[in-house]
Amino acid sequence: MTSQSAARLDSLAPAELAAFLEEQRAAYADLQARGLKLDLTRGKPSSEQLDLSNDLLNPPSTTKDRAGVDVRNYGGLEGLTELREIFAELLGTQVEQVLCGGNSSLTLMHQVLTTMILQGGPGSPRPWKDEPVLKFICPVPGYDRHFSMLADLGIEMLTVPMRHDGPDVEAVAELVQNDPRVKGMWIVPTYANPTGAVVSQEVAAALMSMPTAAPDFRIFWDNAYAFHHLTDVEEKTADALSLAAASGHPDRPIVFASTSKITFAGAGVSVLAASVVNKTWFLKHLAMASIGPDKINQLRHFEFFGSADGVRVHMRKHREIIAPKFAAVETALQTALAGRGIAEWTQPTGGYFVNLDVVNGTATRVVDLAKAAGIALTPAGASYPYGRDPRDRNIRLAPTFPELAEVETAMAGVGTCVALAAAEKLSGASAG
Ligand SMILES: Cc1ncc(COP(=O)(O)O)c(C=O)c1O
């Protein structure tokens with residue numbers, strides 16, 4: 001049966017469903033017999049992608065930055081001006097608003113958050129630790145490490161649905177307008193992890209202008225995939241900082257980005273962009289923790305890119321490597337599942353993930369089946385706070401790291417596992 005003519009599973013007569021279940025059991029037995037060992041768990045660049053940046057393994061051509069400062073020494077807390085200029089252009093902001101840091105933007109997010117907790121920030125009536133309860137809004141599905149960071153710091157999480165154009169703004173506005181304990185929210189505005197959603201101009205404007213009960217409400221605008229296009233349609237992120245400033249809330253958004261998936265995931269450069277007030281506040285506290293970033297790495301990055309266009313050209317090389325892997329995911333899911341009414345998935349135009357929703361109550365089973373067949377998937381529910389997907393239906397697929405042929409094999413296997421788990425569920429069969 002071709003995928004186009006496949007019937008919805010819920011329209012099959014009992015005998016047809018039983019036959020389908022048997023077919024899937026046989027396909028799964030074949031899959032298991034292959035003894036695969038494949039991994040689609042984490043959104044990491046492949047070694048072929050990392051090789052694109054191997055020139056960074058060479059030392060920079062000089063020991064001085066543009067201003068003549070020796071990059072080998074202490075100092076320069078806000079990062080090299082020439083690299084900040086590149087990111088200011090890429091993020092559509094001013095160099096005064098940009099800071100370049102160490103190798104991880106997640107660390108910058110953690111530092112901003114913990115400093116708000118320990119000291120408070122611009123507009124805070126008191127440090128967040130002195131509030132009886134702290135709450136954050138979490139669009140779901142979302143990035144697991146955002147949620148685990150909040151859980152680790154004892155911050156309560158309020159979920160809102162993530163839609164194709166960003167978080168459900170009415171739900172967000174409702175949560176923030178009367179409750180001063182709601183202090184912040186996460187957003188991945190471009191090619192979100194894991195849905196690939198891009199926050200529209202309208203949604204961004206609404207989030208930046210909405211009234212909030214907390215005077216120091218912060219939006220952690222994590223633009224980790226800002227430049228990570230998979231098609232010719234290169235989405236441009238809404239300008240959160242200008243929108244917020246124009247609506248009288250200049251300190252609301254803090255923008256984060258990094259070169260983790262541009263150059264080396266473990267040895268790149270992180271970026272923070274914010275109002276000058278926020279940046280000055282952050283630098284003041286950062287100065288208690290560091291005498292300056294790794295400016296040698298920053299200089300190497302500056303020389304490697306040369307300009308904002310250098311980054312854009314480099315990202316197209318990544319696209320050439322990873323777009324076929326995303327196409328392979330799409331083909332495999334279409335072949336195995338189209339028309340069956342048992343799964344929905346995204347076709348992202350950028351970023352690192354495909355979001356797969358299976359029959360309610362079967363995501364854990366799918367992941368277990370895949371594991372038993374040698375295909376490691378991100379744990380079901382990982383994209384929800386505390387790893388708990390209330391409908392047990394969401395699976396995050398990360399196709400960048402394995403070789404193309406491995407993605408094809410693994411995804412064909414995932415299709416079998418989704419179909420088998422759905423058939424078991426619909427026919428009330430035991431999970432065997
Ligand atoms: C949305 C998002 N933000 C941040 C990160 C990590 O960024 P960094 O490597 O700069 O710490 C990731 C990595 O997967 C991510 O998906």
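In this text the structure is predicted, and so the values were computed from the model without any measurement.

Enquirer: Account for the overall build of the protein, naming residues and giving values.
Expert: Counting its secondary structure elements, the protein contains 13 helices and 13 strands. In terms of principal-axis extent, the alpha carbons of the protein reach across some 75 × 55 × 35 Å. A separation of at least 24 residues holds for 76% of the contacts in the protein among residues at least 6 apart in sequence. Per element, the accessible surface of the protein, about 17900 Å² overall, is 52% carbon and sulfur.

Enquirer: With reference to specific residues and values, describe the pattern of salt bridges.
Expert: The tally for this structure, following the rule as stated, stands at 22 salt bridges. Here Lys183 ties to Glu131 by a salt bridge, and the two come within 3.5 Å at their closest N and O atoms. Residue Lys183 is found in strand S6 (residues 182-187), and its partner Glu131 is found in the loop between helix H4 (105-119) and strand S3 (135-140); the two are separated by 52 residues along the sequence. In this structure, Lys183 and Glu131 share a single accessibility class: buried.

Enquirer: Please provide a residue-by-residue account of the pairing of S6, values included.
Expert: Of all the 6 residues making up S6, 6 are buried; the element is thus mostly covered by neighbouring parts of the structure. Where S3 meets S6, 3 bridges bridge the pair, whose relative direction is parallel. Note on S6: the bridge partner recorded for Ile137 is Met185. Looking at chain direction, S6 and strand S7 (residues 218-222) are connected through 4 bridges and run parallel. When the bridges of S7 are listed, Met185 appears paired with Ile219. On the question of chirality, the crossover connecting S6 to the parallel S7 by way of helix H7 (residues 201-209) is right-handed.

Enquirer: If you had to explain the packing of helix H3 (residues 81-91) against helix H11 (residues 308-337) to someone new, which residues and values would you point to?
Expert: Helix packing for two helices is described by the angle between their axes and how far apart those axes are. Orientation of H3 relative to H11, taken along the N-to-C sense of each, is 65 degrees, at an axis distance of 8 Å. Overall, the two elements H3 and H11 adopt an arrangement that is roughly perpendicular. Where H3 abuts H11, its residues Ile86, Glu89 and Leu90 lie against Ala308, Val311 and Arg312. Taken together, the residues of the contact of H3 with H11 sort by class into 4 nonpolar, no polar and 2 charged.

Enquirer: Can you break down the site of the ligand residue by residue, with the values?
Expert: Of all residues adjacent to the ligand, which total 13 residues, the nearest are Ser105, Asp222, Tyr225, Ser260 and Lys261. A distance of 3.0 Å separates an oxygen atom of the ligand from a polar atom in the backbone of Leu106. Within the side chain of Tyr225, one N or O atom sits 2.5 Å away from an oxygen atom of the ligand. Coverage of the ligand by the protein amounts to 88% of the 400 Å² it exposes when considered alone. Examining the composition of the shell around the ligand, we find that 3 residues originate from one element, H4, more than from any other. Considered class by class, the residues forming the shell around the ligand number 6 nonpolar, 5 polar and 2 charged.

Enquirer: Pulling in residues and values, what's your account of unusual backbone geometry?
Expert: Across the junction of Val140 and Pro141, the peptide omega takes the value -5 degrees, indicating a cis bond. By the element assignment, Pro141 lies in the loop between S3 and helix H5 (144-152). Residue Pro194 is bonded to the preceding Asn193 through a cis peptide linkage, with omega at 5 degrees. In this fold, Pro194 is placed in the loop between S6 and H7. Phi angles above zero are rare outside glycine, and Tyr386 is one such case at about 60 degrees. On the basis of relative accessible area, Tyr386 is assigned to the partly exposed category, the value being 48%. We note that Asp392 has phi near 45 degrees; this positive angle belongs to a residue other than glycine.

Enquirer: Describe the sheet that holds strand S13 (residues 394-397), and please don't skip the residues or the numbers.
Expert: Within the open sheet, the 3 strands sit side by side as S10-S11-S13. Their pairing is antiparallel. Pairing within the sheet leaves two strands with one partner each, and these edge strands are strand S10 (343-345) and S13. Going from strand to strand, the sheet's axes swing by 20 degrees on average, the running direction of each strand aside. Where strand S11 (residues 354-358) and S13 come together, 4 bridges link them in antiparallel fashion. Paired with Val354 across the bridge in S13 is Leu397.

Enquirer: Go over the nonpolar core with me, naming the residues and quoting the values.
Expert: With 59 residues, the main nonpolar core has Leu356, Leu377, Ile395, Leu397 and Met411 as its most contacted residues. Of the residues forming this core, the biggest block, 11 residues, is contributed by helix H13 (residues 404-427). Residue contacts for Leu377: discarding those within four places in its chain leaves Leu40, Thr41, Val367, Ala370, Ile395, Leu397 and Val414. The next biggest cluster of nonpolar side chains, apart from the first, holds 46 residues, and it includes Leu90, Ile187, Ala204 and Ala226.

Enquirer: Outline a negative patch on the surface, listing residues and values.
Expert: Among the surface-exposed residues, Glu48, Asp51, Glu403 and Glu406 lie close enough to one another that they form a single negatively charged patch. Along the chain, the position of Asp51 falls in helix H2 (residues 47-51).

Enquirer: How would you sum up the sheet that holds strand S9 (residues 270-273)? Please name residues and give values.
Expert: Each strand in a sheet pairs with its neighbour through backbone hydrogen bonds, running either in the same direction (parallel) or in the opposite one (antiparallel). Reading across from one edge, S2-S9-S8-S7-S6-S3-S4-S5 is the order of the 8 strands in this open sheet, with mixed pairing throughout. Two strands bound the open sheet, and with one partner strand each, they are strand S2 (98-100) and strand S5 (166-167). Most of the contacts of H5 go to S3, to which it runs at about 160 degrees, and overall it touches S3, strand S4 (156-163), S6 and S7. Along the sheet face, helix H6 (residues 169-178) touches S3, S4, S5 and S6 and points at about 155 degrees away from the line of S4.

So, how was this worked out
- Residues numbered from 1 in each chain as written.
- Predicted model: local features only at pLDDT ≥ 70, side-chain atom pairs only at ≥ 80, totals over all residues.
- Heavy atoms only, no water.
- Helix = DSSP H or I, 4+ residues; strand = E, 2+ residues; numbered from the N terminus.
- Contact = heavy atoms within 4.5 Å.
- Areas by Shrake-Rupley, 256 points an atom, 1.4 Å probe, with all protein chains shown as cover.
- Salt bridge = Lys/Arg side-chain N within 4 Å of Asp/Glu carboxyl O.
- Buried < 20%, exposed > 50% of the residue type's maximum accessible area, 1.4 Å probe, protein only.
- Pairing = 2+ DSSP bridges.
- Right-handed = clockwise from strand over helix to strand, strands pointing away.
- Axes fitted to C-alpha atoms, helices over the stretch in contact; angles between N-to-C directions.
- Parallel < 35°, antiparallel > 145°, perpendicular 65-115°, else oblique.
- Nonpolar A, V, L, I, M, F, W, Y, C, P; charged D, E, K, R; others polar.
- Near = heavy atom within 4 Å.
- Polar contact = N/O pair within 3.5 Å; in protein donor to acceptor, adjacent residues only side chain to side chain.
- Core = buried A, V, L, I, M, F, W, Y, C linked by side-chain atoms within 4.5 Å.
- Patch = residues over 30% accessible without salt bridge, like charges linked within 9 Å, V, L, I, M, F, W, Y side chains within 5 Å.
- Lys, Arg positive; Asp, Glu negative; His and termini not counted.
- Charge placed at Lys NZ, Arg CZ, Asp CG, Glu CD.

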